[in-house]
Protein chains: 2
Amino acid sequence: MKFGICVASSFVLLTALACSKAPSTETIETVTPESVEKIVETIDPTVKKLIDASLKSTHAYDITESLTTEIGPRLAGSEAEARARKWAEEKFLALGFSNVKTEAFVIEGWERGIESAAIVSPYPQQLYVTSLGGSVATPEAGITAPVAFFESFEALKNAPEGGLDGKIVYITGKMEKAINGAGYGPANMKRRSGATEAAKRGAVAVLIRSVGTDSHRFPHTGQMRYGDEKKIPIGAVSAPDADQLDRIFASGKDVEISLTMTPKAVGQQTSGNVVGEIVGSEKPEEIIVIGAHLDSWDLGTGAIDDGAGVGIVMGAAKVLMESGLKPKRTIRVVLFGSEEVGLLGARAYAEQHANELDQHFVATESDFGAERVYSIQAGAGDANINLTKEMAPHFKSLGIEFVEGVTTGGPDIIPMAAAGVPAIRLNQDGTDYFDLHHTPDDTFDKIDPDAMAQNVAAYTIFIWLASETDKKFREE
Amino acid sequence: MKFGICVASSFVLLTALACSKAPSTETIETVTPESVEKIVETIDPTVKKLIDASLKSTHAYDITESLTTEIGPRLAGSEAEARARKWAEEKFLALGFSNVKTEAFVIEGWERGIESAAIVSPYPQQLYVTSLGGSVATPEAGITAPVAFFESFEALKNAPEGGLDGKIVYITGKMEKAINGAGYGPANMKRRSGATEAAKRGAVAVLIRSVGTDSHRFPHTGQMRYGDEKKIPIGAVSAPDADQLDRIFASGKDVEISLTMTPKAVGQQTSGNVVGEIVGSEKPEEIIVIGAHLDSWDLGTGAIDDGAGVGIVMGAAKVLMESGLKPKRTIRVVLFGSEEVGLLGARAYAEQHANELDQHFVATESDFGAERVYSIQAGAGDANINLTKEMAPHFKSLGIEFVEGVTTGGPDIIPMAAAGVPAIRLNQDGTDYFDLHHTPDDTFDKIDPDAMAQNVAAYTIFIWLASETDKKFREE
C-alpha cells in the first residue's frame, strides 16, 4: 500500500494496521538477559545497560497489573475511564514524572445494555451476542425476524438495494491470522459498515460473525459507524455461534432469530488524555511522544488492549529515569482517552497541541498487545526512514530488525502524523492478538512478563537514541 | 486407590475419575489409516477390517454435529432434553438400530435465572459468574456483603463453625491438569460442598474459583449438593476473575461483592434414557452396554460433555452394523438422561433393568471428551481383568495399552457396576478436557474428527471382541 493511500484515510483506525507490512512467517527470537549479554558486548555500552535494566525491570508488568486490577474496564467517557485518569496521574507522580496533567475533552457517550439472542427456528437455542459500540437499541421486547444470510460483507454490498424488508441480516466470514494483523481490515468491513449496507436494503437488524481469530464463545465488540440511512441495531455473535448458524444455513433451512440489545447514547461525557514527562536536559522543547491508550472496551479488563501499552511506555520511561541518564530531549508519555470509539483522544491531542506539533521530534504508540517486538518501521519521509535504519542495529540483540513499508506510528499517532509529526513503530507479534481483542477474555493473565520486558527494552533504547541523536526524523 | 473405596462411594460422579489411574506423562500415538495398515497386518483380519472402517467413518462426527446443532444445550429435565430424546430415537431408527425406545423417569427440575456479580469495593467492576446446578437463589435485589477469603476448601473446613455471619465466602484454588483428570476430584470439593460448609459458619452466599483448567473468562457450572444446613446460594467465577480477586486479597484490602442469581427449582420433570440395539445372533439375551449421556449443561452445546460420547458409541455400533458381521451377543447403546445432576438416568436404568442386570455381559461409557483413547482398563474381578488383558493386544495398533487399576466404567455405569455388572473403560486423553467442561465453550468446533474416529475404532473392536469371546468378564 502506498503512503498516499494511508494519508488519505489516515483518520481510520484500520490504517494503522493496513499500512504496516511484514512477512507473516518471520521467526521471533527469544531474548533473555543472558543471551543479550553475549550479543550486545560489541554494541553501545549505554544501550546495553538500558537493555539489561529493561529486561530485569517489572515496571511495565506491575503498572498493567495495577491498571487492570484497580480500575478494570475503562469504557470511553465512563466513570471508570475517569477513575483511570486519576489512577494515571497518581501513577505518573509516584513514578517521578514531571508536568503530570490531564487534558480533558468532551465526547458523545454510549453505554451497553441488556444483550441476548436466540435461534427461534429451526433449532431453538441461545446465541452469545454483544452490541457493537455505537449501535442503537432494538425495541425493548426485541426483534424476531427471518434471517438473510450473506457469506461476506462484499456479498451484502453486491446485493440489490431493497429486498430485505423486515429481515435480520447475518454476515459470516472468518478472519485470517497474521503476525501483523493484516486480516483485521478486510474482516472489519462488516463491523464498521454492515448496518449501513443492511439498512439500505430494508433490514431491521444485523448480526455479524465476530471480527476475531479465536474459537471461543466470546463475541467481539468494537466501534461501528452509521451512514445516512436509518439506524438499525448491530451485534456480533461468537465464532462457535457463527459456525452453528453457518451449518444451519448450509443445510438450506430457513432461520428465524430473536435479538434484544438495549445500548444507548448517554449524551456528552468528559474524557481526557493524561500526560507525564521526563523534561529534556538540553532541548526540552523538542518532544518525543510515546503513547498508549487508557480507555478500553467494557467486556474485558483491557489488558492487551491497551493496558499493556500503558505499562510498556510508562515502564520504558521509568527505566530511562532510573538509569541516571538525562535525555537531551523531552520524553512525553501520552495516555490517550477514547481511542476505541474513533481516536477521539488522539484528535483532541493533535488539536490541543497544534501549536507545538512542529516541535514534536518523533511519535510512536504501543497498541498491539504484549507479545514481542519483531521489527522497527518508519513513517513517511526519507530522513525519517534513513534515521530509523541507522538506529535499527541497536535493536538487533532484541530480535528486532528494520522493516520496509510505512507506518502510521499507531492509531493514536495518526492525527499527529497527518499534521507532519514523524512516526515510527515497534511492531509486535500480533498473531494471537485478535483471539482476545475486544472480548471479555482480554485480561491480565494473558500477558507474558518476559515478552513485555522485551517491549520495554525496545522502547527504552528508542527514546534514548531519539533523545540523543544529532539528526532529525523530520524532513527538512 | 483400592477397589473397596471405589465401591463405598460408588454413586459419586467423581469416583469415575478418582478410581482411574494412568501415568500423566504417557505419550499418545497418532494413528492414521496408513500407519494402522502396517501395524495390523499381523493381527486378526476382522479386527483390522473394523479398525479400517472405523477410521474412515464419519458417523460419530456427523451424529455429534447433528445433536449439538439441531438440539444444542440439553439441561436435565428440560424441554430441550425432551427434544434430544426425540432426536435420539429418530437417529437410532435412521441408522438401522432395533428395539429403539425411551425409558422415562422423573426428576426434580432446576433452571438457571439471571446471574451477575460485581466487586463493589475496593475496585468496582463486573465479575463473570454462573450459578452452580441446584443452587438456591439470592434475593431478587441480590446480596451485597463483605467477603471472607479462603485459599482452599480445606481451609474453610478447618475454620471454626460460626464467625462468618453475613459474609460471602470466596474459595479460590487452581485445578491441576492431568491426562486422567485426576485434578478434578480435589478441586471439585468446594463446588459440591462449599455451600454446606459456608452455611455452617453463618455465611450468606458462596463464590468459588471455577473448577476448570483454562484461563478464559468462562465460569464453569456443575452440580452442587446441600447438607442439612440452611441453603445458601453458590456460584462460580471464571479463572481470570478469580485471579483478580486473589490479587486484591493478596494486597490485604477488604473486599465487598454484590451477587444476584435467580435460579429456581421447577418441580417434577420428565427425563429419560434412550436405547437402541443390535440384537445378538446367537446369545441375544447377553447384553453388552455401551453408553454415553444425552443431557448436558445449559451453557454450551454439550459437545465434549457428552455429545462426543453419544457420537462415539452410536457411531461404533453403526460401523459394526455396516461391516456385515453379526455379533453373537446383543449390543445395547444406552443414551442416559440427567447424568449431570446426579447420575439420575444411570440409577433409573439400573432399577428399571434390575431383573436383567445379571445378563449384562459387560458395560462401558464414553464420557470424557473427544480426544484419543490411550488405555484400556478393567473394573473389579479377576476374570474381568484377565479377559481385558487378553483383548488388549488388539488395541495396540490404535495406540492403546492395557493399564492397571480399577475403573467404574464411566459415571453412568457406576450403579450397574455396583449391582455386579462388569465394567471396562477406554480411557481418553483428558488433559484439556477441563478447559471446556461445563462452560459456554463446550461446542462442536472443539472436536478433532481424527481423534474421534480413533475412539470409534476402539469401541467397535471392543464390542466385536466382547460379543464373540467364549470367556466371561463376570467372575463365576
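Counting restarts for each chain: residues are numbered from 1 in the order of the written sequence. Going through the entries in the order they are written, you letter the chains from A and number the ligands from 1. Predicted model: local features are reported for residues with pLDDT of at least 70 only, side-chain atom pairs are reported and counted for 80 or more only, and whole-chain, interface and lining totals are derived from all residues. Side-chain metrics in this entry use all non-hydrogen atoms of the structure; hydrogen atoms and water are not considered.

> Can you help me understand the pairing of strand E12 (residues 329-336) of chain A in this one?
Looking along a regular strand, one sees side chains alternate from face to face of the sheet. Residues and elements named next belong to chain A. Only protein chains enter the accessibility calculation, which uses a 1.4 Å probe. A residue is then buried if its area is under 20% of the maximum for its type, exposed if over 50%, and partly exposed in between. Every helix listed is a DSSP run of H or I at least four residues long, and every strand listed is a run of E at least two residues long, numbered separately from the N terminus. Here E12 lies mainly inside the structure; 8 of its 8 residues are buried. Bridge count between strand E10 (residues 264-278) and E12: 5 bridges; the pairing is antiparallel. Directly across from Glu 277, in E12, lies its bridge partner Arg 332. For two strands to be treated as a pair, DSSP must find no fewer than two bridges joining them. Pairing of strand E11 (residues 283-293) with E12 involves 8 bridges; the strand directions are parallel. Considered in E12, the bridge of Gly 291 is made with Val 334. Whether a crossover is right-handed comes down to one check: with the strands pointing away from the viewer, does the path from the first strand over the helix to the second run clockwise; if it does, it is right-handed. Viewed along the sheet, the connection from E11 through helix H10 (residues 303-322) into E12 turns out right-handed.

> Is there a simple way to think about the interface of chain A and chain B in this case?
As a measure of interface size, the accessible area lost when the parts come together is often cited. Listed per partner, the contact involves 30 residues of chain A and 30 residues of chain B. What gets called buried area is simply the loss in accessible area from a 1.4 Å probe that two parts show on being joined, summed for both. Regarding the contact of chain A and chain B, the summed buried area is about 2,400 Å², with carbon and sulfur atoms giving 50% of it. When the area that chain A buries against chain B is broken down by residue, the three leading residues are A:Thr69, A:Arg217 and A:Arg247, summing to 23%. Only one rule defines a salt bridge in this text: a Lys or Arg side-chain nitrogen within 4 Å of an Asp or Glu carboxyl oxygen. Summed over the shared surface of chain A and chain B, the number is 0 salt bridges. N or O atoms closer than or at 3.5 Å make up a polar contact, with two conditions inside protein: a donor-capable atom paired with an acceptor-capable one, and, for residues adjacent in sequence, both atoms drawn from side chains. Taken together, the connections running from chain A to chain B amount to 21 residue pairs in polar contact (both at pLDDT 80 or more). Put simply, the parts of the chain that give the side of chain A that touches chain B at least two residues each are helix H5 (59-70) and helix H9 (239-250) of chain A. Contacts are assigned to residue pairs with any non-hydrogen atoms lying within 4.5 Å of each other.

> Could you clarify how one ought to interpret the packing of H9(A) against helix H5 (residues 59-70) of chain B in this entry?
To characterise two packed helices, one gives the angle between the axes of the helices and the distance between these axes. Here an angle of 0 to 180 degrees is reported between the N-to-C directions of two axes, which are lines fitted to C-alpha atoms, with helices fitted over the stretch in contact. Two numbers describe how H9(A) lies on H5(B): the axes approach to 10 Å, and their chain directions differ by 105°. As the angle between them shows, H9(A) and H5(B) are arranged roughly perpendicular. Counted together, A:Gln244, A:Arg247 and A:Ile248 of H9(A) and B:Glu65, B:Thr68 and B:Thr69 of H5(B) form the full contact between these two elements. For classification purposes, an angle smaller than 35 degrees is called roughly parallel, one larger than 145 roughly antiparallel, one from 65 to 115 roughly perpendicular, and anything else oblique.

> Hey, could you run me through the sheet that holds strand E14 (residues 373-378) of chain A in this one?
Pairing between sheet strands relies on hydrogen bonds along the backbone, with the strands arranged either parallel or antiparallel. All names here are of chain A. Taken together, 3 strands build an open sheet; the order of strands is E15-E14-E16 and the sheet is mixed. Either end of the sheet is taken by a strand with one partner, and the two such strands are strand E15 (401-406) and strand E16 (424-428). Put simply, the sheet's adjacent strands are angled 35° from each other on average, direction ignored. Pairing geometry for E14 and E15, over 3 bridges, is parallel. Bridge assignment links Ala 378 to a residue of E15, and that residue is Val 406. Its contacts with the sheet place helix H15 (residues 449-468) against E14 and E16, and it is angled at close to 165° to E16.

> Can you walk me through helix H15 (residues 449-468) of chain B in this structure?
Each α-helix winds once per 3.6 residues, and so residues spaced three or four apart point in a common direction. All names here are of chain B. Helix span is expected to be 1.5 Å times the residue number reduced by one. End to end, H15 covers 29 Å across 20 residues, agreeing with the expected 28 Å (1.5 Å per residue, within 8%). Of all the 20 residues making up H15, 18 are buried; the element is thus mostly covered by neighbouring parts of the structure. Regarding H15, its N-cap is Asp 448, as a side-chain oxygen of that residue lies 2.9 Å from the backbone nitrogen of Asp 450 further along.

> Got a minute to help me understand the domain arrangement of chain A in this structure?
All names here are of chain A. Residue ranges for the domains trace back to a domain assignment, done automatically or taken from a database. Domain parsing of chain A yields domain 1 (3-109 + 267-468) and domain 2 (113-262). A separation of 33 Å is found between the C-alpha centroids of domain 1 and domain 2. Domain 1 puts 29 residues into the contact, and the matching count from domain 2 is 24 residues. Between domain 1 and domain 2 lies a buried interface of about 2,100 Å² when both sides are counted; carbon and sulfur atoms form 62% of it. Scanning the region where domain 1 abuts domain 2 turns up 2 salt bridges.

> Sorry, what's going on with the relation of the copies chain A and chain B here?
Look at the two chain copies: a rotation about an axis and a shift along it is all it takes to match them. Rotating chain A by 180° about the axis while translating it 0.0 Å along that axis superimposes it on chain B, leaving an RMSD of 0.0 Å. In short, the pair behaves as if placed about a two-fold rotation axis. Mapped onto chain B, 100% of the interface residues of chain A are again interface residues, and the two copies thus contact each other with one and the same surface. Least squares is the method used to superpose the copies, on C-alpha atoms of residues holding a pLDDT of at least 70 in both.

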